[in-house]
Amino acid sequence: MVIEQDTTFQISEVAVSVEIETPDMTLNIGPQHPSTHGVLRLIAKVDGEKVTDVKPVIGYMHRGYEKLAEVRTYPQITSIVNRIDWVSGFANEIPFIVAAERLMGVEAPERAQWVRLVLSEMARISSHLIFMASYPLELGAATPLFFALRARERVLDLLESVTGGRFHPNFNRIGGIKPVYGSGPTTKKTSMDVPAGFLAETRDAMDKVLGTCREIEDLVAGNEIFLARTKGIGVLPVEVGADYGVSGPNLRASGTDFDLRKKADYLPYDQFDFDVAVGENGDCYDRWLVRLQEIREAVKIIQQAIDGLPSGPIQAKVPKVIKVPKGETYVRAENPKGEMGYHLISEGGSGPYRLKIRSASFSNISMLAWILEGAIIPDIIAIMGSLDFVLGDVDR
Amino acid sequence: MNKPLGYGLLVGMKVTFKTMLQTWMSIATGGRKGLQSTVNYPKVKEVPVARARGVIALDQENCTVCMLCARQCPDWCIYIEGHKEHKEPTSPGGRVRKRSTLDRFDIDYALCMYCGICVEVCPFDALYWTPEYEYSELAMGDMLHDMDRLQDWMSTVPDAPEIEK
Amino acid sequence: MTLAIVFWAELAIKIGIIAVAVPAIGMVLGFAEMKLSAHMQSRIGPYFAGGRFGWMQLMADGLKFMQKEDIIPADADRPVFRWAPALPLIGTMALLVIIPISAAEFGIIQDLEVGIFYALAISSLSTIGVLMAGWSSANKYSLMGGLRAAGQLIAYELPLVLAVVGVVIQAGTMSMQGIVEAQTAQAWPYVVTQFLGFAIFFVAALAELNRIPFDMPIAESELVMGYVTEYSGFRFLFFFLAEYVNMFTMSAIAVTLFLGGYWFWGIPTDSALLGVIVLLAKSFVLVFIMIWFRWTFPRFREDQLQTLAWKWLIPLAVLNVIATGAFKVLL
Ligand code: SF4
Ligand code: SF4
């Protein structure tokens, strides 16, 4: 195999092309590769380092959640759906629970809704911090990883102190949040409301998160090498993104303010004052910056929420054995990765007849083949990293 | 954006250098304030929060072998067997009282996904979460805890944390 | 007869020094990298092995590598694959030979007339090893890593040489000892007049060492582990050792050329011990900067690296040479 270095590199604006016959090489990136975030596989045809054709292969992690949901009851499904996108488990539960609530005609009390909102914003922060950690790492800078993980640890501790789980909270129940520890006579009094000291801890942790944002910004945002690697790389126009069903920060980086927190009503976001972070160019750098801004906005939301957390019950009255009446609904929510929706069809049983999951990462990476064509290998990594997908969210 | 070329590089270097000095300070003072998120594990133990879902404890006294937990468990990793015991009436002519007794109550922690549904559904408060986490085993089969082992965990069940007003 | 004995004894001593120095330097620098990187990321770093500070960590690692199975891929070009790791190490050892540690009689292992020329020639030996490793591994990632290394070598050898030319013009000699003596004589290190040269040399040396921000041949997020992907056991250890010792030798050469070598204000230059200490101290400063860079910066892209070399470093270096030459003629 002859690879001629000079044929492949674009030295600045002048494309150097030497007429040497170079056969294309098929390069399998993944399913086990440091930068595919799990088990994504790209079959890339490369000419030197330039990618002429790329075919993403997914499904190595298919766990059959949609089918599994058909043979499980509603409480059981809650514990399954938070494993879809495991870096923001809490946020996955909400649209499902809201869908079931809407079919049953119950509504969670205000306090429960606010707690849900606080915790799902925490999930957003922890998910975006993971991105802040892994993205520079993919470009070769290892240090931001530890800064981001340090702040994320605090957020996860908070999540754990309320829900008992760091990654898989399984905390939402139809009609509110998990009301009590157990259902027996003695533990009945053991409420699962937020523990004492949580609000003060949260305030503290949010300051810490903001501090980390500043540190990461210093370390990465102005770095000329980082800029050279990300500015103008992997540009995604809004129209193309919308055609592929891209959503979330990836789409907002291209310059639209499509945010379901503003546009849908699954949680009382309308009572909060926050901005939607919007990028300009839709390149890797903007995708990175939008997420950094979103962390700051999420902190803003959480600070407002813990200042005005209403008191009251955390669970509405629901029957002990949950049966959802016949009907169907679709609830969409703004997950850290993008739009997550559940299409729930119920035939009246204790489990859904069909649960279609629309997960953000699946749609986000559907345009991989389009966006990666013509890129060179280092850019593949930069672009893939900037899309911030989780394979569990892709394969389900 | 009118920074001279290389300014961003220098700012980044300042951050890492500062962090290095901070780490030196915190190591020198032994304080490790704020910087360390982890503990020196085998020597120092991590203290989980009270609600942490570490391992499930079983109070055999309370269990009535109703099988609710085993049925509700999403991955069916609880194995229960039991039988009815007949208690002789205390006074002659009294009723024969029946009591369900456990023969077997195993939780397979290799399979459990720590969802907490079993604890939640148990109507008689026989199951509790405890934040204990040191029970890894070399063989997969040893992850199956029998009822005596589960009973032992009872001593580690913490008090419920206070609730924010 | 006696002359032959003296010759062989001297050779044995020299080889012995190098054989001890190479692993020792590798370990010290490897450990420094571990610890410093940890501290820059607010971690503690190794702390377990050997009790305090985890100072035995690298010995334990070395031992671990020795015990590991030496895997050779089935499709590999076996002899080339086997010998590739030796080349970087040989290159490194050959470089240590010409670093002067004092003005005394045995202050340098071998003072060559064309010392710096020899150094530049030998330093590219390690890249050949890298290329061999990449080629023979029968792995596409390794191949790409090897070719990237080759491309990098071509692009960065030129500024490296051109940066040195300035020093050579100013000193009027190519002997390493001579260059240090020239700096001692004027009591100023050349970095004052040759700062541009020094900066270019340092950047080019980083590229040559495959250190971040120029570590594309390894680029673990892109090429898994680049040319070392298929290596394991002590062959991997060889690459590892060579990388760190190379870091040191490159710094030592930079120190000799630009920072006055073993010379420092007020320190006698004819004591081997003091000379070694000064040299080591100066080199470690450079090594620290390399480590600092590595844990702060992301890496460049391959084409950006080429742009940097051809569009910036080489013209600047040429400029530097012209300016130095002009000054030399005029003054
Ligand atoms: S925690 Fe969940 S998975 Fe584990 S035993 Fe209980 S119900 Fe089953
Ligand atoms: S639900 Fe509670 S009482 Fe019933 S079998 Fe399980 S542990 Fe025993």
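What you see is a predicted model, and the numbers here were worked out from it, not measured in a lab. (Residues numbered from 1 in each chain as written. Chains lettered and ligands numbered in written order. Predicted model: local features only at pLDDT ≥ 70, side-chain atom pairs only at ≥ 80, totals over all residues. Heavy atoms only, no water.)

**A word on the overall build of chain B**
Working step 1: Secondary structure assignment for chain B yields four helices and five strands.
Working step 2: Along chain B, helices and strands appear, N-terminal first, in the series α-β-α-β-β-α-β-β-α.
Working step 3: Residues classed as buried in chain B amount to 37% of the 165 residues present.
Working step 4: Of all intrachain contacts in chain B linking residues separated by at least 6 positions in sequence, the fraction that spans at least 24 positions is 70%. (Helix = DSSP H or I, 4+ residues; strand = E, 2+ residues; numbered from the N terminus. Buried < 20%, exposed > 50% of the residue type's maximum accessible area, 1.4 Å probe, protein only. Contact = heavy atoms within 4.5 Å.)

**Focus on the pairing of strand 1 (residues 55-58) of chain B**
Residues and elements named next belong to chain B.
Working step 1: The alternating pattern of strand 1 places Val-55 and Ala-57 on one face and Ile-56 and Leu-58 on the opposite face, and all of these are buried.
Working step 2: Pairing of strand 1 with strand 4 (residues 127-130) involves four bridges; the strand directions are antiparallel. Bridge pairing links Ile-56 to Trp-129 in strand 4. (Pairing = 2+ DSSP bridges.)

**Looking at the sheet that holds strand 5 (residues 50-57) of chain A**
Working step 1: Reading across from one edge, 3-4-5 (chain A) is the order of the three strands in this open sheet, with antiparallel pairing throughout. Single-partner strands in this sheet number two, and they are strand 3 (25-29) and strand 5 of chain A. Direction aside, the axes of adjacent strands within the sheet are offset by 20° on average.
Working step 2: Where strand 4 (residues 41-47) of chain A lies against strand 5 of chain A, seven bridges are found, and the strand directions are antiparallel. Bridging across to strand 5 of chain A, Ala-44 of chain A finds its partner in Val-54 of chain A.
Working step 3: Docked against the sheet, helix 15 (residues 377-387) of chain A engages strand 3, strand 4 and strand 5 of chain A, running at close to 150° with respect to strand 4 of chain A.
Working step 4: This element, helix 7 (residues 140-171) of chain C, spans strand 3 and strand 4 of chain A of the sheet and lies at about 110° to strand 3 of chain A. (Axes fitted to C-alpha atoms, helices over the stretch in contact; angles between N-to-C directions.)

**Points about the site of ligand 1**
Working step 1: Within the structure, ligand 1 sits among 13 residues, and Cys-73, Asp-75, Cys-112, Cys-115 and Cys-118 of chain B are positioned closest to it.
Working step 2: Class assignment of the residues belonging to the shell around ligand 1 gives a composition of 11 nonpolar, one polar and one charged. (Near = heavy atom within 4 Å. Nonpolar A, V, L, I, M, F, W, Y, C, P; charged D, E, K, R; others polar.)

**Description of the interface of chain B and chain A**
Working step 1: In this complex, chain B contributes 41 residues to the contact, which on the side of chain A involves 49 residues.
Working step 2: When the two sides are added together, the surface that chain B and chain A hide from each other amounts to roughly 3500 Å², 51% of it contributed by carbon and sulfur.
Working step 3: Where chain B meets chain A, there are one salt bridge.
Working step 4: Put simply, chain B and chain A have 10 residue pairs in polar contact (both at pLDDT 80 or more) between them.
Working step 5: When contributions to the side of chain B that touches chain A are tallied by element, the ones reaching two or more residues are helix 1 (7-29), helix 2 (68-72), helix 3 (117-121) and strand 4 of chain B.
Working step 6: The element that contributes the greatest number of residues to the side of chain B that touches chain A is helix 1 of chain B, accounting for eight residues.
Working step 7: The residue makeup of the side of chain B that touches chain A, split by class, is 26 nonpolar, eight polar and seven charged. (Buried area = accessible area lost by both parts, 1.4 Å probe. Salt bridge = Lys/Arg side-chain N within 4 Å of Asp/Glu carboxyl O. Polar contact = N/O pair within 3.5 Å; in protein donor to acceptor, adjacent residues only side chain to side chain.)

**Some remarks on the environment of Thr-256 of chain A**
Residues and elements named next belong to chain A.
Working step 1: As for its position among the elements, Thr-256 is in the loop between helix 10 (249-252) and helix 11 (260-263).
Working step 2: According to the relative accessible area criterion, Thr-256 is buried, its value standing at 17%.
Working step 3: Separated by 166 residues in sequence, Thr-256 and Phe-90 place their C-alpha atoms 26 Å apart.
Working step 4: What Thr-256 contacts, discounting residues up to four positions off in sequence, is Val-238, Leu-251 and Val-278.
Working step 5: At 3.1 Å, the side chain of Thr-256 and the backbone nitrogen of Phe-258 are in polar contact.

**Description of the interface of chain C and chain B**
Interfaces are frequently sized by the accessible area removed from exposure as the parts join.
Working step 1: Counting from both sides, the interface comprises 15 residues of chain C and, opposite them, 16 residues of chain B.
Working step 2: Among the residues chain C hides against chain B, the three largest losses belong to His-39, Ser-42 and Trp-292 of chain C. Together they make up 36% of the total.
Working step 3: Counting the contacts that link chain C with chain B gives zero salt bridges.
Working step 4: At the junction of chain C and chain B, the tally comes to two residue pairs in polar contact (both at pLDDT 80 or more).
Working step 5: Elements represented by at least two residues in the side of chain C that touches chain B include exactly helix 1 (2-40) and helix 12 (272-294) of chain C.
Working step 6: A class-by-class count of the residues in the side of chain C that touches chain B yields 10 nonpolar, four polar and one charged.

**Observations concerning the pairing of strand 8 (residues 327-335) of chain A**
Residue and element names in this part refer to chain A.
Working step 1: Where strand 8 lies against strand 9 (residues 338-346), nine bridges are found, and the strand directions are antiparallel. Residue Glu-328 lies in a different strand from strand 9, and its bridge partner there is Ile-345.
Working step 2: Two successive antiparallel strands, strand 8 and strand 9, enclose a turn made up of two residues.

**Digging into a nonpolar patch on the surface**
Residues and elements named next belong to chain C.
Working step 1: A cluster of nonpolar side chains, contributed by Met-27, Phe-53, Trp-55, Met-56 and Met-59, occupies part of the molecular surface with about 490 Å² of accessible area.
Working step 2: With respect to the helices, strands and loops of the structure, Met-27 is situated in helix 1.
Working step 3: Taking relative accessible area as the criterion, Met-27 reaches 32% and is therefore assigned partly exposed. (Patch = residues over 30% accessible without salt bridge, like charges linked within 9 Å, V, L, I, M, F, W, Y side chains within 5 Å. Areas by Shrake-Rupley, 256 points an atom, 1.4 Å probe, with all protein chains shown as cover.)

**Quick notes on the environment of Val-165 of chain C**
Working step 1: Inspection of the secondary structure assignment puts Val-165 of chain C in helix 7.
Working step 2: Along the chain, Val-165 of chain C and Leu-36 of chain C lie 129 residues apart, while their C-alpha atoms are 34 Å from each other.

**A few points about helix 9 (residues 195-208) of chain C**
Residue and element names in this part refer to chain C.
Working step 1: Taking 1.5 Å of rise per residue, the 14 residues of helix 9 would be expected to cover 20 Å, and the 20 Å separating its terminal C-alpha atoms lies within 8% of that figure.
Working step 2: Among the residues making up helix 9, those that are buried are Gly-197, Phe-198, Ile-200, Phe-201, Phe-202, Ala-204, Ala-205, Leu-206, Ala-207 and Glu-208.
Working step 3: Asn-210, located one to two residues past helix 9, shows a positive phi value of around 55°. (Expected span 1.5 Å × (residues − 1).)

**Notes on the sheet that holds strand 9 of chain A**
All names here are of chain A.
Working step 1: Taken in spatial order, the three strands of this open sheet run 8-9-10, and their pairing is antiparallel. Lying at the two open borders of the sheet, with one neighbouring strand each, are strand 8 and strand 10 (354-358). The average undirected angle you get between the axes of adjacent strands in this sheet is 10°.
Working step 2: Note that strand 9 and strand 10 share five bridges and pair antiparallel. Within strand 10, the position partnered with Tyr-342 by the bridge is Ile-357.
Working step 3: On top of the sheet, helix 4 (residues 89-104) reaches strand 8, strand 9 and strand 10; it is set at about 150° to strand 8, its chief contact.

**A short note on the side chain of Glu-297 of chain A**
Residues and elements named next belong to chain A.
Working step 1: Along the polypeptide, Glu-297 turns up in helix 12 (residues 284-307).
Working step 2: At 3.0 Å, the side chain of Glu-297 forms a polar contact with the backbone nitrogen of Asp-275.
Working step 3: In this structure, Glu-297 is in contact with Phe-274 and Asp-275, ignoring residues within four places of it in sequence.

**Quick notes on the packing of helix 12 of chain A against helix 15 of chain A**
Residues and elements named next belong to chain A.
Working step 1: Taken N-terminus to C-terminus, the directions of helix 12 and helix 15 make an angle of 30°; their axes are 9 Å apart at the nearest point. When the axes of helix 12 and helix 15 are compared, the pair comes out roughly parallel. With respect to the hand of their crossing, helix 12 and helix 15 are arranged in left-handed fashion. In this structure, helix 12 contributes Cys-284, Arg-287 and Arg-291 to the contact, and helix 15 contributes Ala-382, Ile-383, Ser-386 and Leu-387.
Working step 2: Residues that form the contact of helix 12 with helix 15 fall into these classes: four nonpolar, one polar and two charged. (Parallel < 35°, antiparallel > 145°, perpendicular 65-115°, else oblique. Left-handed = near helix turned anticlockwise from the far one by under 90°.)

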